[in-house]
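What follows is each chain in one-letter form.
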Amino acid sequence: MNIVLLGAPGAGKGTQAQKLVAEFGFAHISTGDLLRAAVKAGTKLGVEAKGYMDAGKLVPDALVIDLVKERLEADDAQNGFILDGFPRNTAQAVTLDSELAAMGRSLDAALLVAVPSESVVARLSSRRTCKSCGYTAPAGVDVCPRCNGEMYQRDDDKPETIRHRLDVYESQTAPLVEYYKGHSILKEVNGDRPVDEVYADVKALLAL
Ligand code: AP5
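Model, not experiment: these values are computed from the prediction. (Residues numbered from 1 in each chain as written. Predicted model: local features only at pLDDT ≥ 70, side-chain atom pairs only at ≥ 80, totals over all residues. Heavy atoms only, no water.)

**Things to note about the site of the ligand**
The ligand sits among 34 residues. The nearest are T15, K57, R127, R165 and R193. At 3.0 Å, a backbone N or O of V59 approaches a nitrogen atom of the ligand. Contact between the ligand and R165: an oxygen atom at 2.7 Å from a side-chain N or O atom of the residue. Within the complex, the protein chains bury 92% of what would otherwise be the 1000 Å² of accessible surface of the ligand. Where the shell around the ligand is concerned, the elements lending two or more residues are α1 (13-24), α2 (31-41), α6 (117-125) and β6 (136-138). It is α2 that provides the largest number of residues to the shell around the ligand, a total of four residues. In the shell around the ligand, the residues fall into 14 nonpolar, ten polar and ten charged. (Near = heavy atom within 4 Å. Polar contact = N/O pair within 3.5 Å; in protein donor to acceptor, adjacent residues only side chain to side chain. Areas by Shrake-Rupley, 256 points an atom, 1.4 Å probe, with all protein chains shown as cover. Helix = DSSP H or I, 4+ residues; strand = E, 2+ residues; numbered from the N terminus. Nonpolar A, V, L, I, M, F, W, Y, C, P; charged D, E, K, R; others polar.)

**Focus: the side chain of Q18**
Turning to its location among the elements, Q18 is positioned in helix α1. Polar contacts involving the side chain of Q18 include one to the main-chain amide nitrogen of T136, which spans 3.3 Å. Residues contacting Q18, with those up to four places away along its chain left out, are G134, Y135, T136 and R146. (Contact = heavy atoms within 4.5 Å.)

**Regarding the layout of surface pockets**
The method is simple in principle: a probe with the dimensions of a water molecule rolls over the atoms, and the space it marks as empty is what remains. Of the pockets and cavities examined, the second largest pocket occupies roughly 480 Å³. Surrounding the second largest pocket, 19 residues form its lining, R36, A37, V39, K40 and Y152 being those nearest its centre. Those elements that provide at least two residues to the lining of the second largest pocket are α2, α3 (44-54) and β5 (127-130). The element that contributes the greatest number of residues to the lining of the second largest pocket is α2, accounting for six residues. A per-class count over the lining of the second largest pocket returns seven nonpolar, three polar and nine charged. (1 Å grid on protein atoms, 1.4 Å probe; cavity = no way out; pocket = protein on both sides within 12 Å on 5 of 7 lines; lining within 4 Å. Points joined across faces, edges and corners; volume = space filled by probe spheres on them.)

**What to know about the side chain of R127**
Within the secondary structure layout, R127 lies in strand β5. Among the polar contacts made by the side chain of R127, one reaches the side chain of D157 at a distance of 2.9 Å. For R127, the contacting residues outside a window of four places in its chain are T136, A137, Y152, Q153, R154, D157 and R165.

**Details of the pairing of β5**
Where β5 meets β6, three bridges bridge the pair, whose relative direction is antiparallel. Following the sheet pairing, R127 is matched in β6 by P138. Hairpin connection from β5 to β6: five residues lie between these consecutive antiparallel strands, with G134 at a positive phi of about 85 degrees. Two elements, β5 and strand β7 (residues 151-152), share two bridges in a ladder whose sense is antiparallel. From the neighbouring strand, C130 faces β7, where its bridge partner is M151. (Pairing = 2+ DSSP bridges.)

**Thoughts on the sheet that holds strand β8 (residues 186-190)**
Through backbone hydrogen bonds, the strands of a sheet pair up, either in parallel or in antiparallel fashion. Taken in spatial order, the five strands line up as β2-β3-β1-β4-β8 in an open sheet, and their pairing is parallel. What marks the edges here is a single partner per strand, and that holds for β2 (27-30) and β8. Neighbour-to-neighbour, the strand axes of the sheet open up by a mean angle of 20 degrees, direction not taken into account. By the bridge criterion, four bridges tie β2 to strand β3 (residues 81-84) in an arrangement that is parallel. Each residue of the ladder has a partner; that of H28, found in β3, is I82. Its contacts with the sheet put α1 on β1 (2-6), β2 and β3, and the angle it makes with β3 is roughly 170 degrees. α2 rests against β2 and β3 of the sheet, and its axis sits at about 65 degrees to β2. (Axes fitted to C-alpha atoms, helices over the stretch in contact; angles between N-to-C directions.)

**So, the nonpolar core**
Core analysis: the largest hydrophobic core is formed by 55 residues, its most contacted members being L96 and Y180. Residue contacts for Y180: discarding those within four places in its chain leaves V4, L6, P87, A93, L96, L107, A110, I185 and L186. (Core = buried A, V, L, I, M, F, W, Y, C linked by side-chain atoms within 4.5 Å. Buried < 20%, exposed > 50% of the residue type's maximum accessible area, 1.4 Å probe, protein only.)

Keep in mind these numbers describe shape, not what the thing actually does.
Printed below as a string of structure tokens:
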């Protein structure tokens, strides 16, 4: 299956993607993780992207689209992928459709993880992320359960940046809900419940 995950910052896209990848082996393509790896490695892309990310703004489309194209062509993405954090605006969604069509592929589902903004602010303020593999967990988890890496708080998980990221989501990304409804592939799960309850519904919605 080729799946796009939609939802506000902190809705639980990464959390649900981690579970789907562990159970079904899809390729997990998270543009946030790819960009954070570029920042950590100090590449030209990372240096350009860092200022946008720290301010909670979208990184320019051209930079992100090239990253995603390269990742979609990798061997592990040929048997199904989960796009997490991409597309983030209509231009990215249109480009994704045309890139996939050129590869003879298409999306099977766009899954919206719906969570009210009060819940996401609380979740992001207490989120910890693995420095090595990007695994996320609530505060209190100091060692990554997946790779034993060190957990840290992301620079963009500060209250003022979180609010800006939510504004960016509402103005630029939320319109994709209508875009994918128009393509008849939108599915919606209530993400404001315990992780495993959300995951059970995710699998049912995706017929997995
Ligand atoms: P990105 O890394 O994509 O961040 P995001 O979309 O803001 O999403 P998050 O990773 O913050 O949240 P999530 O929904 O994955 O939640 P999670 O599962 O971690 O992007 C970061 C930046 O990169 C952007 O601001 C932008 O600058 C740039 N960027 C990325 N993609 C781009 C693109 N396409 N174009 C341009 N720029 C781009 O969960 C959050 C917390 O809640 C965790 O602690 C988790 O344990 C907890 N949690 C999860 N589910 C539940 C639950 N059901 N109940 C209770 N707690 C839960």
